[in-house]
Amino acid sequence: MILFLAQCFEYNEKIYINPNLTGKVALEYKIPINDLTGNSLIGFLPSKKERFEEIYQVKTQLFEVEDVLPIISSFPYKKVKLEFSYNSVTELRNKIYGLTEINKIGNTITIIRTFKYLQYKKIDNPIFNFFYDF
């Protein structure tokens, strides 16, 4: 399954942590887009700034979207680059995808993330079904 998902989208995340435990997150991802709506076909990786800010409850300092060559030739793709800041590393629990556990013991910070298996129901949308069949 991981091999198929790797074919659907690309995702790169960098978390910067300052000595005072503030910092920023920089994300870059390529996602398939629904031609009719312009929305991402990967629900947790939005193609629109407002939607990203709504889902993750952040204010982005940078949000750029550009057309890119498709990973799967049947679908248009967009590349999204974004950055947002946080005031405390513990805020990341709710601001990045996945179930996130953050522990700080002395000078050591441990971030553990797990990703839930997405529940899926077939709907009357062949594009949606194509990606979730993987």
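What you are looking at is a predicted structure, and each value in this text was computed from that prediction instead of being measured. (Residues numbered from 1 in each chain as written. Predicted model: local features only at pLDDT ≥ 70, side-chain atom pairs only at ≥ 80, totals over all residues. Heavy atoms only, no water.)

Draft legend 1. Structural view of the confidence of the model for the protein chain. Across the protein chain, pLDDT averages 83, with 80% of residues at or above 70. For the protein chain, per-element mean pLDDT is lowest for helix H1 (residues 2–8), which scores 46, and highest for strand S4 (residues 77–86), which scores 96. A low-confidence stretch, residues 1–6 stays under pLDDT 50, and its non-local contacts, those more than four residues away or across chains, total three contacts. (pLDDT = per-residue confidence, 0-100. Helix = DSSP H or I, 4+ residues; strand = E, 2+ residues; numbered from the N terminus. Contact = heavy atoms within 4.5 Å.)

Draft legend 2. Focus on the sheet that holds strand S2 (residues 23–32). Across the sheet, four strands lie side by side as S1-S2-S4-S3; this open sheet has antiparallel pairing. Strands at the two margins of the open sheet, each flanked by one partner only, are strand S1 (10–17) and strand S3 (60–68). Strand-to-strand twist in this sheet, taken as the mean axis angle between neighbours without regard to direction, amounts to 10°. For S2 and S4, the ladder comprises ten bridges, and the chain directions are antiparallel. Bridging from a neighbouring strand, Lys 24 pairs with Ser 85 of S4. Lying on the sheet, helix H2 (residues 49–56) is in contact with S2, S3 and S4; it crosses S3 at an angle near 130°. (Pairing = 2+ DSSP bridges. Axes fitted to C-alpha atoms, helices over the stretch in contact; angles between N-to-C directions.)

Draft legend 3. Spotlight on the pattern of salt bridges. A complete count under the given rule lists six salt bridges for this structure. Here Lys 30 ties to Glu 10 by a salt bridge, and the two come within 3.5 Å at their closest N and O atoms. A residue pair is termed long-range when its members are at least 10 positions apart, and Lys 30 in strand S2 and Glu 10 in strand S1 qualify at 20 residues. Residue classification places Glu 10 among the partly exposed positions, given a relative accessible area of 38%. One salt bridge connects Glu 28 with Lys 79, and the closest N-O pair in it is separated by 3.3 Å. Of the two residues, Glu 28 is situated in strand S2 and Lys 79 in strand S4; the sequence distance between them amounts to 51 residues. Accessibility expressed as a relative area gives 30% for Glu 28, which makes it partly exposed. (Salt bridge = Lys/Arg side-chain N within 4 Å of Asp/Glu carboxyl O. Buried < 20%, exposed > 50% of the residue type's maximum accessible area, 1.4 Å probe, protein only.)

Draft legend 4. Looking closely at the environment of Gly 23. Summarising the element assignment, Gly 23 is placed in strand S2. Expressed as a C-alpha distance, the spacing of Gly 23 and Ser 88, which sit 65 residues apart in the sequence, is 7.5 Å. When residues no more than four places from it in sequence are discounted, the contact partners of Gly 23 are Tyr 16, Asn 18, Phe 84, Ser 85 and Tyr 86.

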